[in-house]
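Residue strings, one per chain:
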2 protein chains.
Amino acid sequence: MNSASPTGAADQQSTRDRIAAMGRAARAAARLMARADTATKNRALHAIADQLHERRESVKEANGRDMDAGRQNGLDAALLDRLELNDDRIDAMIEGLRQVAKLPDPVGEIDGLAYRPSGIQVGKMRVPLGVVGIIYESRPNVTIDAASLCLKSGNATILRGGSEALHSNGAIAACIAAGLREAELPETAVQVVDTTDRAAVGALISMPEYVDVIVPRGGQSLIERVSRDARVPVIKHLHGVCHVYIDDRADLEKAFNIALNAKTHRYGVCNAMETLLVAGGVAEEILPRLAAAYREKGVELRGCQQTLRVLGDCNAAQESDWAEEYLAPILAIRVVADMDEAMDHIARYGSGHTESIVSEDYSRTRRFLSEVDASSVMVNASTRFADGFEYGLGAEIGISTDKIHARGPVGLEGLTSQKWIVLGDGQIRQ
Amino acid sequence: MNSASPTGAADQQSTRDRIAAMGRAARAAARLMARADTATKNRALHAIADQLHERRESVKEANGRDMDAGRQNGLDAALLDRLELNDDRIDAMIEGLRQVAKLPDPVGEIDGLAYRPSGIQVGKMRVPLGVVGIIYESRPNVTIDAASLCLKSGNATILRGGSEALHSNGAIAACIAAGLREAELPETAVQVVDTTDRAAVGALISMPEYVDVIVPRGGQSLIERVSRDARVPVIKHLHGVCHVYIDDRADLEKAFNIALNAKTHRYGVCNAMETLLVAGGVAEEILPRLAAAYREKGVELRGCQQTLRVLGDCNAAQESDWAEEYLAPILAIRVVADMDEAMDHIARYGSGHTESIVSEDYSRTRRFLSEVDASSVMVNASTRFADGFEYGLGAEIGISTDKIHARGPVGLEGLTSQKWIVLGDGQIRQ
C-alpha cells in the first residue's frame, strides 16, 4: 500500500500508543459532535471552505513538497496526477464542502413512532455511528470529502491518508482544525494521522473501543488487508464485475445504447460493464452492430465460442475473463440460452455490484429484479447509474459491496445508525 | 463454551472440510430460498410444526439421551433445566413456528421508489442476507426459533448448537428437513452441525465466501470469542448494564414504579436495570421508600457515599459495581448532581443496551433521548420494555448491542438487507 520504511517493535508500540490517544480523543469528541446542531455543523463546513480558500498557497506549497518527493521516489504518472492539488482541485474541494452543508441533516430523524398495546410509543431515531476511521491512498481531496461527510453526519473521524500525501494532508488538516475552531466544535472531531508508519493502519482497525467503523478507500490490496485484519466493522467496496444481459425480448435500440454506454462511458470505474451477456435468440442481430461500435471506440472484445461464431474475428475469452474487473477498454461477451443461464452466470462470476437486464418482458424483468443478488439491480438502464449522486444521495463516501449495514452507494445515511426510542407515561412491564 | 475432547490437526481439517461442504450447500440453497414465495415458506413452517407434533416421542427420547449424558458429565441444575424438552416446551416451539408463519414477509418490500432527474426510478428492495450462521449453547428450542426466523426471511442457515444438545438438535433437525421437503424447499436450507468438535465454530465464522452473517447466542465468553475470531460480520449481543435515571423533576410515583419494575420484574435478563441513578434533589424523598420496597423483594443494595448517608444501612458500592451486569437481585445506586452527571455516568459505564430517564421536564427528556448512546433510550418507561415482542417485531433473533446493521431487538428485518433497484426505459449516463 504505502512505501514506508520498516519499523521496529518499539516504534510500532509508540505508533499504537499515538493512535490509541487519537482514538480516545475522537471518542470524547464524538459525544460533542452527536449533539451539535445542524446550524453549527454547517457553519463549520463553510468555515473550513473559507480556510481552504485563504490558505490556498500554503496547501499548494505543501502539495509541491509531496510532488517533489513523489518524483524522487519514482511514483508513476497516474499516481502523481492523483496526488496533485491545483487551483481547480482546491476549488472543487471548497464547492464540495458547501454542497455537503446544503444536504439535509440525517441526525435526529425519527421514523415510525407508533403506540403499542402497552401504551408506550416506540420508534427509531437516526444517530451518528460515533467514530469513523477512513483509510485511503494518494488522493488528498479525499481528506476533505471524508471529513465533510463525517462532520455533517455528527461523527468524529480519524483519517489515514497515503504517505505520499503527508504534507498535503497536513496542510488540509490545518484548515479543517481552524474551521472547527471557528464553529466552536472540538478540533479532535477530525484528526489526520501524521505518521507514515504502516503500523498506524493496523492499530486503527483493531481498536473497537475507540473506532466504530472503518471505511477503506483504495485499491484491492488495501481493502483485502483491512477486511482480513480488522477487528472493527468495515464498510468496504471490493470490485465491480458488472453485467448487462440483453434478453431476446429486449428493445434492441435500448439494448444497443445501454450496452455501449455501460462499457464505454468511462472505463476505469467500478460500475462499468465488464461482461456482456446476450440471449442466443438475438445474438446474430445485435452482436455484429455492437461489436462494430465497440471497435470504433477501441474496445478489445473477448468472446465465448458462440460469440466467435457470430463475430468471426474476435479473441477467445478464457475462463478467467468471466471474473475479471478490467477497468479498461476490454469487454468479455457470452451468448447464453436464456435469462436463467444469464442469472446463473451472474451468480457465479458477478461481484454483487451492479447488474442490468434489457428486456420488455414483464415477468422476466420482475424475476431479474427479485432474484439477482447485487447492491444495484437494474431494468433497461445503464450500469453507470450506480452512483450516489445519480441516486439522489447528494454525496457518497463510497459504494459498498457488503450486505450488512450499508449496501451500494453510501451517503450520509450510511454513516448513521438507528436507535430505538420509547416514550412512556410511567408504563411498567406486566 | 462446550466440553469437547481435544482434537488433532487432521480432525480439525476434516471438520473444516465438512463445514465448508455445508457452506457450499447453504449458498446454493440460499438462492432458492431467496426466490421462495410467502405461501411456500409458510407451508414449510406449518409442516415443520406438524412434524414436531408427530415426532414428539422421538424428540423427547433423543433429549432423554442428552439429559442422561449431561447428568453423567455433571452439568449443573440450571444447564440441565435449559437442556430439557418436555411437552410444554415442544408445544411452545410448535406455537412459535405458527406465529412466525403469521408474520408479514419482509422479502421483496420496496421503499421510496422515486424518479430522478435522469428519468430512472430508484428505490430499495428488501432481500435476504443469504446464509446466516447461528451459534448457541444448550437450549435446543433455539434450533426451532432460529430456523423459523431464517426461513421466513428467505435465508439459508447453518445452526451450531451446544454439544450437550447434540441428540435433541438432531431429532429437531429431522423434523425441519421433513417439513422443508413437504413444502418442496431444499433441505439444505436449514443445516444443523452434527459434530461436537469445537473447530466447527472456528470454521463457520471464518468462511465469508459461504456465510454472510453470524449470530452468536449465549454467554459472554462465546460472544467474545466469536467477535474476536470472526472473519464474517457478527450481529452480537454483549452485556446489558442498563440504568434508570430519576430526575429531580420526575413524577415520583412513576419513578417508584419504574425503578421497582426495571429491577425486580425479572433478574436474569439483559434489559433489567443494574444501576439506579437519582438526582440529589429528590434522593431523600424517593430513596428510602424505594430501598424498603427493594429489600422486601430481597434485593441487595450497593450505594455510593451519598446513598449511604441517605439510607444509613446499605453496602458501599465499589468502583467495579458501576460496570457490573449482576443478572441477580443486586442493585447499585448512585446519587448524581443532575442529568448531565447521569449522562456522563451512563456514557462511561453503560453497555449501550437500554437507558431510561424519569422526568416531566420537556427539554431534559428531549436532550436525554438525543444524547444518550444506547440501542434503546426511554422516557418514563421501564427498561424491561426493550424486547422484540414489546416493540412489535413479532419475534426476536436477539438484541444487538452493535451499532452497525441491526441495533436493539432484531426481528425478521434484521435478517434482511436492502438492495437498490433501478427501473429505466433505456436511459444511459450522459
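Residues numbered from 1 in each chain as written. Chains lettered and ligands numbered in written order. Predicted model: local features only at pLDDT ≥ 70, side-chain atom pairs only at ≥ 80, totals over all residues. Heavy atoms only, no water.

An unreviewed UniProt entry lists chain A under the name Gamma-glutamyl phosphate reductase, with Microbulbifer yueqingensis given as the organism. Its UniProt record gives chain A a comment under Sequence similarities (unreviewed entry), which states: "Belongs to the gamma-glutamyl phosphate reductase family." UniProt, in the comment section headed Catalytic activity (unreviewed entry), describes chain A in these words: "L-glutamate 5-semialdehyde + phosphate + NADP(+) = L-glutamyl 5-phosphate + NADPH + H(+)". (UniProt positions renumbered as here; feature names shortened; annotations may be inferred.)

(A) Local environment of the interface of chain A and chain B. Contacts between chain A and chain B engage 68 residues on the former and 69 residues on the latter. Taken together, the two surfaces of chain A and chain B that pack against each other cover about 5700 Å², and 54% of this comes from carbon and sulfur. On the chain A side of the contact with chain B, Ile404, Trp420 and Arg429 of chain A bury the most area, a combined 16% of that side's loss. Our count for the chain A to chain B interface comes out at 10 salt bridges. Two residues, Asp212 of chain A and Lys403 of chain B, come together in a salt bridge whose shortest N-O distance is 3.8 Å. At the level of elements, helix H1 (9–35), strand E2 (121–128), helix H10 (252–264), helix H13 (339–349), helix H14 (362–371), strand E13 (376–381), strand E15 (408–410) and strand E16 (416–427) of chain A are the ones that each hand at least two residues to the side of chain A that touches chain B. Take the side of chain A that touches chain B: its biggest share by element is 11 residues, from E16 of chain A. (Contact = heavy atoms within 4.5 Å. Buried area = accessible area lost by both parts, 1.4 Å probe. Salt bridge = Lys/Arg side-chain N within 4 Å of Asp/Glu carboxyl O. Helix = DSSP H or I, 4+ residues; strand = E, 2+ residues; numbered from the N terminus.)

(B) Inspection of the packing of aromatic side chains at higher detail. The final tally for this structure, using the stated rule, is two aromatic pairs over all chains. Both rings, one in Tyr391 of chain A and one in Trp420 of chain B, keep their centres 4.8 Å apart while their planes meet at 40°; by these two values the pair is tilted. Highlighted residues: Tyr391 of chain A in the loop between E13 and strand E14 (398–400) and Trp420 of chain B in strand E16 (residues 416–427), drawn from two different chains. For Tyr391 of chain A, a relative accessible area of 5% gives the class buried. One residue, Lys124 of chain A, lies across the ring of Trp420 of chain A, its end atom 4.8 Å from the ring centre. The ring of Trp322 of chain A is capped by Arg334 of chain A, whose NZ or CZ atom sits 4.8 Å from the centre of that ring. (Phe/Tyr/Trp six-rings, centres within 6.5 Å; stacked < 30°, edge-to-face > 60°. Buried < 20%, exposed > 50% of the residue type's maximum accessible area, 1.4 Å probe, protein only. Lys NZ or Arg CZ within 6 Å of the ring centre and 35° of its normal.)

(C) A look at the relation of the copies chain A and chain B. Superposing chain A onto chain B requires a rotation of 180° together with a translation of 0.0 Å along the rotation axis, leaving an RMSD of 0.0 Å. Taken together, these values place the two copies in the relation of a two-fold axis. Across chain A, the rotation axis passes nearest the C-alpha of His405 of chain A, at a separation of 1.9 Å. Interface residue correspondence from chain A to chain B reaches 100%, placing this contact among same-surface, isologous pairings. (Least-squares fit on C-alpha atoms with pLDDT ≥ 70 in both.)

(D) Region of the structure containing the packing of helix H13 (residues 339–349) of chain B against helix H14 (residues 362–371) of chain B. Residues and elements named next belong to chain B. Across the interface, H13 lies against H14 with an axial gap of 11 Å and an inter-helix angle of 15°. Judged by the inter-axis angle, H13 sits roughly parallel to H14. Note that H13 runs across H14; the crossing there is right-handed. Here Met339, Asp340, Met343 and Ile346 of H13 come into contact with H14, specifically with Arg364, Arg367, Phe368 and Glu371. Its residues placed into classes, the contact of H13 with H14 shows four nonpolar, no polar and four charged. (Axes fitted to C-alpha atoms, helices over the stretch in contact; angles between N-to-C directions. Parallel < 35°, antiparallel > 145°, perpendicular 65-115°, else oblique. Left-handed = near helix turned anticlockwise from the far one by under 90°. Nonpolar A, V, L, I, M, F, W, Y, C, P; charged D, E, K, R; others polar.)

(E) Focus on the pattern of salt bridges. For the structure shown, the criterion picks out 68 salt bridges over all chains. In this structure, Asp50 of chain A engages Arg98 of chain A in a salt bridge whose closest nitrogen and oxygen atoms are separated by 2.8 Å. Of the two residues, Asp50 of chain A is situated in helix H2 (residues 38–54) and Arg98 of chain A in helix H5 (residues 87–102); the sequence distance between them amounts to 48 residues. On the basis of relative accessible area, Asp50 of chain A is assigned to the partly exposed category, the value being 32%. A relative accessible area of 25% places Arg98 of chain A in the partly exposed class. A single salt-bridge network, built from bridges that share partners, covers Arg27 and Asp212 of chain A together with Asp373, Lys403 and Arg407 of chain B.

(F) Fine view of the sheet that holds strand E4 (residues 156–160) of chain B. All names here are of chain B. Strand order in this open sheet of four strands is E5-E4-E3-E6, and the pairing throughout is parallel. Whereas interior strands pair on both sides, the edge strands pair on one side only; in this sheet they are strand E5 (190–192) and strand E6 (213–217). Looking at each pair of strands side by side, their axes are set apart by 15° on average, direction ignored. Pairing between strand E3 (residues 131–136) and E4: five bridges, direction parallel. Within the sheet, the bridge partner assigned to Ile135 lies in E4 and is Arg160. Its contacts with the sheet place helix H1 (residues 9–35) against E3, E4 and E5, and it is angled at close to 150° to E4. (Pairing = 2+ DSSP bridges.)

(G) Looking closely at the side chain of Gln191 of chain B. All names here are of chain B. Residue placement: Gln191 occurs in strand E5. Among the polar contacts listed, one links the side chain of Gln191 to the backbone oxygen of Met22, at a separation of 2.9 Å. In terms of polar contacts, Gln191 uses its side chain to reach the backbone carbonyl oxygen of Thr188, at 3.3 Å. (Polar contact = N/O pair within 3.5 Å; in protein donor to acceptor, adjacent residues only side chain to side chain.)

(H) Representation of unusual backbone geometry. The phi dihedral of Glu184 of chain B falls on the positive side, at around 60°, and the residue is not glycine. For Glu184 of chain B, a relative accessible area of 73% gives the class exposed.

(I) Molecular detail of the confidence of the model for chain A. Residue and element names in this part refer to chain A. When the pLDDT values of chain A are averaged, the result is 93; 98% of them are 70 or greater. Counting interchain partners and residues more than four positions distant, the pLDDT-below-50 stretch residues 1–5 has 16 contacts. Per the prediction output, this complex has pTM 0.89; the corresponding ipTM is 0.90. (pLDDT = per-residue confidence, 0-100.)

(J) Spotlight on the domain arrangement of chain A. Each assigned domain of chain A is listed with its residue range as follows: domain 1 (9–235 + 412–420) and domain 2 (242–385). When each unit is reduced to the centre of its C-alpha atoms, the spacing between domain 1 of chain A and domain 2 of chain A is 37 Å. (Domains from an automatic or database assignment.)

(K) Up close: the state of the cysteines. All names here are of chain B. Considering all chains together, one arrives at zero disulfides over all chains under this definition. Cysteine Cys175 remains unbridged, with the sulfur of Cys150 as its closest cysteine sulfur at 18 Å. Residue classification places Cys175 among the buried residues on the basis of a relative accessible area of 0%. (Disulfide = S-S within 2.5 Å.)

(L) Quick peek at the side chain of Ser148 of chain B. Within the fold, Ser148 of chain B resides in helix H6 (residues 141–152). Apart from the residues within four sequence positions on either side, Ser148 of chain B is in contact with Leu45, Leu97 and Val100 of chain B.

(M) Representation of the sheet that holds strand E12 (residues 354–358) of chain B. Overall, mixed pairing links the 10 strands, which are arranged E1(A)-E2(A)-E16(A)-E13(B)-E12(B)-E7(B)-E8(B)-E11(B)-E9(B)-E10(B) in an open sheet. With one partner strand each, in any of the chains shown, strand E1 (110–115) of chain A together with strand E10 (315–316) of chain B form the two edges of the open sheet. Pairing geometry for strand E7 (residues 242–246) of chain B and strand E8 (residues 273–279) of chain B, over five bridges, is parallel. Considered in E8 of chain B, the bridge of Val244 of chain B is made with Leu276 of chain B. Strand contacts of helix H11 (residues 280–296) of chain B: E7, E8, strand E9 (300–303) and strand E11 (330–336) of chain B, with the helix running at about 145° to E8 of chain B, the strand carrying the most contacts.

(N) Examining the pairing of E6 of chain B more closely. All names here are of chain B. By the criterion of burial, E6 is predominantly enclosed, with four of the five residues buried. Note that E3 and E6 share five bridges and pair parallel. By the bridge assignment for E6, Val132 is matched with Val213.

(O) The UniProt feature "domain: Aldehyde dehydrogenase" (unreviewed entry) in chain A, seen in detail. Residue and element names in this part refer to chain A. Under the UniProt annotation, "domain: Aldehyde dehydrogenase" (unreviewed entry) lies at residues 12–296 and 322–386. The distance from the first to the last C-alpha atom of residues 12–296 is 54 Å, and the span holds 55% helix and 16% strand. Measuring from the first to the last C-alpha atom of residues 322–386 gives 21 Å, for a span that is 32% helix and 28% strand.

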